[in-house]
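Below, each chain spelled out in residue letters.
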Amino acid sequence: MADGQRPRASGSPVSSLSPADLEAIEDTLDYEVQLESLNQWQLAWRRFKKHRLAVVGSGIFLGMVAVAVIVPIFLPYSATTIPQPDKIVYAGRPPSWASGSWSPFLLMGETGRLQRDVFELVVNGARLSLLISVLATTISVLIGTIWGGVAGYFGGFLDTVMMRIVDAILSLPLLFVILVASKFLGSGNWVSVTLIFGLLGWGGISRLVRSQFLTLREEAFVDAARAVGVSDARIIFRHILPNSLSPIIVSATLSIAGVIVGEAFVSYLGFGVDVSQPTWGNVLSNSLEFVTQGNWWWPFFPGAAIVLTVLGINFMGDGLRDALDPRSRL
Amino acid sequence: MSRYIVRRVIGAIPVLFFISFMIYGILLIAPGGPEARFAQNPKITAAQIEAFRKRWGLDQPLPVQYCRWLGACNPDHTGLAVFISDQGLPNVLPSFIGGGDNGILHGDLGFSIRDGRPVTIVIGERIIPTVILAGTAWVIWLTVALLAGMYAAVRRYGLFDSALTIGSYIGLALPTFWLGIMLLTIFASGLKWFPAGGMWSARDVPIFGSPEYWAFAGQQPLTALFDLGTHLVLPVFTLVVVSIAGDSRFVRAAMLDSLGQDYVRTARAKGVSERRVVMKHAFRNALLPIVTNIGLEIPFLFTGAIVTETIFSWPGMGRLAIEATNSFDYPVLMGIFLIAALLTVFANLVADILYAIVDPRISYG
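Keep in mind it's a predicted model, so treat the numbers as computed, not measured. (Residues numbered from 1 in each chain as written. Chains lettered and ligands numbered in written order. Predicted model: local features only at pLDDT ≥ 70, side-chain atom pairs only at ≥ 80, totals over all residues.)

Asks: Which residues make up the confidence of the model for chain B, and what values go with them?
Replies: Confidence in the prediction for chain B averages 83 pLDDT; 97% of positions are at 70 or higher. Scored as a whole, the predicted complex attains pTM 0.78, and scored at its interfaces, ipTM 0.75. (pLDDT = per-residue confidence, 0-100.)

Encoded structure:
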């Protein structure tokens, strides 16, 4: 508790204290008495700040979000602009720094065939990739929490039926289903991709929430609430849910990373978002054709953006897990 | 114990039923469909399409179609007699004791729309390449993950442990397709050490799985094996790198858990050698969760890795799924779905039962 230590005047003998000094000591004592205890979230924040990797990770993630929001506004050219159309090179040109010219254009080279600027694609791709992952996670967390909460709270036959349905959903190979669904339910549109990930990805979270509810519903405070006549819905959402929030937050964080990779994968295979709206995945989609011509910069930068972001989110999630656990003394 | 197993098996039946329902539903709402291939053909008349629909039962109401697909209904009969097979017994029964021979319950997955062959044959010829690729990768990553996880747990917070932690963070963040593309860029197109994809060198070796291939493999086993090996290196490496991260963390956690137990402290206090403590006392008990985890990885061996197989043009199940999706080949897709889901349910069942057998603390009343 280094920051909570109160200043002491123990160095000087008491007899030499002036009235002013005494007054100052009184003040610190008053301050000490008024100090409020930290609530659960403040404690968690303090633990989180001490987790160095988690801070770095959130920095990376927030940095990516900032880049996605701000940088496309200032780009002097759009996704379809060819930076220097006088030199037609079918396989695309390498980054400017690799050829030693250091021009502000072609920071990350350009793609083959259509010769689109990779930097521009990565930056614009960040927008859609992050938006899809956050929205889809929100949807799946909402569904999963309600589904798992209801199953865990009521238990019995309802619980059995609901969890068998989750079993079945989790038994289907999710990526196969997503491939088929996005092929058939109108692929190309980012909204439908978001919905597909959101509506199919809640199985894991609902299991987690259910297990939380199973233990928490036996607690005395739930009995007390029920004895006072609180409705079931209120017990679920106001009494039990806040107590099972931390694992949900952690798993939601990690699920964002999962959706980023999943979306990139689906779009890479051509079943996800259409190439007219760049995401990190679909930017990569034709790069394999040009790999044999040494066109490394095209796949490298969008993929590196994915790795960096996912790494950041995973660090953040681990930090949150430690910080939100009231037993951890970090 | 046997009661527990029976209950688990019975509990899996509604799940399987629901899965079959969902698979049927997903592919039902999909566009395209069996007669889509006639849409572009000007020589086919509406009457012919109608005859085609009647021939394949597409004019029937949906429950009947589902029931026939499942194998509980006999397509040759109408009315209430649909549940009776040609031999006069309920159609659900296996055909050798008098049931029908249609539907997935009797192993009839229909015909591929793309090339007209039975789905079982189309899928069957893709299973061996997938097992070769996924199996090789699985054995390697399991061995490495076991050794690395154990060593990291024994030397906790040591140099190796920290390196493994950082490595597995990166491994978990690496998208398979990106790793594959970068490996191809570096080792196939840049350094030219390995072939850029496929399963055999078409110039030197006959098509894999054909009789000529096996004859060739019999005459020059070393050439065939070496050729297969060079094609395996990059995809196997890709799979190992992305899979090892999670598994080694799992082994490490399981080992740390059992190293912290009282009986380990007791063994040490009695003066048992450290090697014996780790191998006999800690590792044996850490195996419990590890075995369960391994059981859950079994479906992967057969359904394969979609991305890795696509990028390295490996002729396996994963790539078949992509091809079938692209060409609206419903029967093949349904077959793959079904096999994958069956294996997942089966693996879950096996893991649960194994866990109950090896861990006497689990109550299975």
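Continuing now.
Asks: Outline the nonpolar core, listing residues and values.
Replies: Grouped together as the largest cluster of nonpolar side chains are 134 residues, with contacts concentrated most on A:Val122, B:Ile336 and B:Phe337. The element contributing the most residues to this core is helix H4 (residues 119-154) of chain B, with 15 residues. A:Val141, A:Ala151, A:Ile205 and A:Ile236 belong to the second-largest nonpolar core, a separate cluster that totals twelve residues. (Core = buried A, V, L, I, M, F, W, Y, C linked by C-beta atoms within 7 Å. Buried ≥ 20, exposed ≤ 12 C-beta atoms within 10 Å, placed from the backbone. Helix = DSSP H or I, 4+ residues; strand = E, 2+ residues; numbered from the N terminus.)

Asks: Describe in detail the packing of H4(B) against helix H14 (residues 330-358) of chain B, supporting the description with residues and values.
Replies: All names here are of chain B. As a packed pair, H4 and H14 sit with axes 9 Å apart at the nearest point and diverge in direction by 60°. Judged by the inter-axis angle, H4 sits oblique to H14. Crossing handedness for the pair H4 and H14: right-handed. Packed against H4, whose contacting residues are Val 119, Val 122 and Ile 123, the element H14 presents Pro 331, Val 332, Gly 335, Ile 336 and Ile 339 at the interface. Taken together, the residues that form the contact of H4 with H14 break down as seven nonpolar, one polar and no charged. (Axes fitted to C-alpha atoms, helices over the stretch in contact; angles between N-to-C directions. Parallel < 35°, antiparallel > 145°, perpendicular 65-115°, else oblique. Left-handed = near helix turned anticlockwise from the far one by under 90°. Contact = placed C-beta atoms within 7 Å. Nonpolar A, V, L, I, M, F, W, Y, C, P; charged D, E, K, R; others polar.)

Asks: So what's going on with the interface of chain A and chain B? Which residues, and what values?
Replies: Taken residue by residue, the interface counts 35 residues in chain A and 39 residues in chain B. For the side of chain A that touches chain B, the secondary-structure elements that each account for two or more residues are helix H5 (156-171), helix H6 (174-184), helix H11 (245-268), helix H13 (287-290) and helix H14 (297-324) of chain A. A per-class count over the side of chain A that touches chain B returns 26 nonpolar, six polar and three charged.

Asks: Outline unusual backbone geometry, supporting the account with residue identities and numerical values.
Replies: Residue and element names in this part refer to chain B. If you check the backbone angles, Tyr 157 has positive phi at about 65° while not being a glycine. Within the element layout of this structure, Tyr 157 appears in the loop between H4 and helix H5 (159-173). With phi around 40°, Ser 313 is a residue other than glycine that occupies positive phi space. With respect to the helices and strands, the residue Ser 313 is situated in the loop between helix H12 (306-311) and helix H13 (317-326).

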